[in-house]
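Structural features, examined
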Amino acid sequence: MRELEEKYIELILRKCLNFDDSKSLMINCDFKEHIPFALRVKEKANEMGIFDVCINVNDLDEIHDYLKNTSVEDIKLNPLIDRTNWNTYALKGGSLLFLTSTVPGLMNDIGEDKIAKWVSEREKTTPYYRKNVSKYTFPWTIVALPNERWAKTVFKDDDEAYQKLFYMIMEMCMVDRDDPIAAWDEYIETNNKYKEKLNNLNIRKMHYTNSLGTDLYIELPDKNIWMNLDKQNDLGRSLIVNMPSYEIFTSPDYRKTNGIVYASKPLYYNDVCINDFYIEFKDGKAVSCYAKEGQKTLEKIITSEEKAAYLGEVALVAYDSPISNMGLVFNRTLFDENASCHLALGGGFVKSIYNSKNLSEEELIKKGLNICATHVDFMIGTSDLQIEAETNQGKKLIFKKGNFNL
């Protein structure tokens with residue numbers, strides 16, 4: 001395990017964050033148990049000549065206990081909630097590394113009003129970060145680390161659950177390869193071919209259907225740009241902001257989505273489970289929704305901001321893909337969204353709009369980009385998903401039986 005962790009750290013710093021241009025690094029841990037890993041990342045950064053390294057711990061167990069024992073009225077900014085350092089390091093162009101983990105359902109016994117207050121107070125501390133994170137103004141990446149409780153939800157009643165989850169994460173991130181960086185470079189080259197085909201089609205509208213009941217029309221902005229895992233920062237350096245990432249995505253015209261879409265996997269939002277749900281859209285806006293589990297949380301997401309009820313992302317992932325073929329639900333969006341076609345409520349991606357560098361925010365909105373701090377992905381891909389697109393070559397079935405048909 002130790003050797004794989006060292007390769008993981010190398011991949012994170014050299015490939016995901018492209019650390020050659022970094023002068024500082026902020027590391028954020030979701031749980032205290034990951035501090036030792038963060039310290040090893042810090043040590044490696046020091047070896048690379050980076051000495052401005054900050055480790056934050058927003059421990060979710062402590063946050064849970066605080067929310068459990070505090071009234072809504074008394075929830076206020078404190079060290080458990082404060083994320084000012086995210087803003088500080090983003091403002092100075094530092095690299096931001098998020099060591100994410102989860103305990104599925106950890107917050108299920110916390111009232112929706114408390115969750116909303118916690119999120120609201122938390123987000124007040126990161127205005128610059130939230131506004132610029134999807135612009136890649138600063139280098140950032142999200143990577144996952146296992147924990148025992150999470151592993152037990154994936155591999156129930158298995159004494160080796162933790163080890164199995166660890167090795168699966170390493171496999172999904174290609175850390176088990178002889179040269180993980182070269183493996184990702186090769187994958188990016190292949191992925192770029194699909195991206196180029198989608199961009200050459202100049203897709204105007206997509207119609208999603210499957211046996212769950214999805215019947216959804218999504219229109220795209222004029223000359224929209226499809227993107228993939230290979231992002232670029234302001235210096236033009238390559239970044240991978242989600243490790244792993246197997247998606248190709250763009251932003252829709254937020255005003256032009258109509259129909260109904262059914263989720264194909266559970267969504268965990270702030271560690272509250274939303275399951276067996278659908279959302280209905282009219283003229284871009286989510287006008288109704290239903291969830292067998294987590295209904296109030298889903299409603300809170302949609303109503304958290306005015307534009308949170310509109311889509312900001314459409315992402316294509318082959319059903320026959322590395323994570324999907326593992327046949328597991330990981331209960332963590334970082335992995336589940338890379339095993340399934342997905343959509344996102346909330347903010348879109350500036351770089352998906354043609355000539356975006358020369359457009360004001362008002363002009364981007366006129367083009368159809370959803371400007372919103374909220375961004376919540378949910379999975380919709382199935383083995384029978386079909387997507388028919390209106391393209392410059394006429395109507396074309398770009399997804400057939402859950403996979404690319406290009």
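Details of the structure are given in the entry above.
In this text the structure is predicted, and so the values were computed from the model without any measurement.

1. Here we look at the overall build of the chain
- Along the backbone of the chain there are 12 helices and 20 strands.
- A buried classification covers 56% of the 406 residues belonging to the chain.
- If you take every contact in the chain between residues at least 6 apart in sequence, the share linking residues at least 24 apart comes to 74%.
- Accessible area for the chain stands at about 17200 Å²; split by element, carbon and sulfur atoms hold 46% of it.
- Where the 51 positive side-chain charges of the chain centre and where its 62 negative ones centre are 5 Å apart.

2. What to know about the nonpolar core
- The biggest cluster of nonpolar side chains holds 51 residues, and the ones touching the most others in it are Y8, L25, L97, L99, I169, M243 and F330.
- Residues contacting F330, with those up to four places away along its chain left out, are W150, V154, L165, M168, M172, I323, F335 and D336.
- Y208, I218, F281 and L316 belong to the second largest nonpolar core, which has 41 residues in total.

3. Regarding the sheet that holds strand 3 (residues 95–100)
- Pairing is parallel in the open sheet, where 5 strands are placed in the order 2-1-3-4-9. The sheet is open, and its two borders are formed by strand 2 (52–57) and strand 9 (242–243), each paired with just one other strand.
- With 6 bridges joining them, strand 1 (residues 24–29) and strand 2 adopt parallel strand pairing. Bridge pairing in strand 2 places C29 opposite V57.

4. Some remarks on the packing of aromatic side chains
- Counted by the stated rule, this structure contains 20 aromatic pairs.
- Aromatic side chains Y278 and Y290 sit 6.0 Å apart centroid to centroid with 35° between the ring planes, which places their arrangement in the tilted category. Of this pair, Y278 sits in strand 13 (residues 272–282) while Y290 sits in strand 14 (residues 285–293), and the two are 12 residues apart along the sequence.
- Take Y278: its relative accessible area is 24%, and that puts it in the partly exposed class.
- In this arrangement the basic side chain of K92 is found over the ring face of Y89, its NZ or CZ atom lying 4.2 Å from the centre.
- The ring of W118 is capped by R122, whose NZ or CZ atom sits 4.9 Å from the centre of that ring.

5. Considering the sheet that holds strand 17 (residues 375–379)
- The strand order across the open sheet formed by 4 strands is 10-15-16-17, and the pairing between neighbours is antiparallel. Strand pairing shows two members of the sheet lacking a second neighbour, strand 10 (248–250) and strand 17, which therefore form its edges. The mean inter-strand angle of the sheet, taken between neighbouring strand axes irrespective of direction, is 20°.
- Strand direction decides the pairing type here: strand 15 (residues 311–316) and strand 16 (residues 342–346), joined by 4 bridges, are antiparallel. Among the inter-strand pairings, E313 is bridged to a residue of strand 16, identified as A344.

6. Observations concerning helix 5 (residues 112–123)
- The end-to-end C-alpha distance of helix 5, which contains 12 residues, comes to 16 Å, matching closely the 16 Å that a straight helix rising 1.5 Å per residue would cover.
- When we look at burial in helix 5, the residues that qualify are K114, I115, W118, V119, E121 and R122. Along the axis of helix 5, the buried residues cluster in a sector spanning 165°; they form a single face.
- Contacts made by the buried residues of helix 5 are with helix 3 (60–68) and strand 13.

7. Considering the pattern of salt bridges
- Per the stated rule, a full pass over the model turns up 17 salt bridges.
- If you follow the salt bridges from partner to partner, you end up with R2, E5, E6 and R40 in one network.

8. A few points about the pairing of strand 6 (residues 215–219)
- Of the two faces of strand 6, the one holding L216 and I218 is buried and the one holding D215, Y217 and E219 is not buried anywhere.
- Bridge count between strand 5 (residues 205–209) and strand 6: 5 bridges; the pairing is antiparallel. Residue pairing for strand 6: H207 is matched across the bridge by Y217.
- The antiparallel hairpin formed by strand 5 and strand 6 contains 5 residues in its connecting segment, where G213 sits at a positive phi of about 120°.
- Note: strand 6 against strand 11 (residues 257–262), 4 bridges, orientation antiparallel. If you follow Y217 over to strand 11, its bridge partner there is N258.

What counts and how
Residues numbered from 1 in each chain as written. Predicted model: local features only at pLDDT ≥ 70, side-chain atom pairs only at ≥ 80, totals over all residues. Heavy atoms only, no water. Helix = DSSP H or I, 4+ residues; strand = E, 2+ residues; numbered from the N terminus. Buried < 20%, exposed > 50% of the residue type's maximum accessible area, 1.4 Å probe, protein only. Contact = heavy atoms within 4.5 Å. Areas by Shrake-Rupley, 256 points an atom, 1.4 Å probe, with all protein chains shown as cover. Lys, Arg positive; Asp, Glu negative; His and termini not counted. Charge placed at Lys NZ, Arg CZ, Asp CG, Glu CD. Core = buried A, V, L, I, M, F, W, Y, C linked by side-chain atoms within 4.5 Å. Pairing = 2+ DSSP bridges. Phe/Tyr/Trp six-rings, centres within 6.5 Å; stacked < 30°, edge-to-face > 60°. Lys NZ or Arg CZ within 6 Å of the ring centre and 35° of its normal. Axes fitted to C-alpha atoms, helices over the stretch in contact; angles between N-to-C directions. Expected span 1.5 Å × (residues − 1). Arc of directions from axis to C-beta. Salt bridge = Lys/Arg side-chain N within 4 Å of Asp/Glu carboxyl O.

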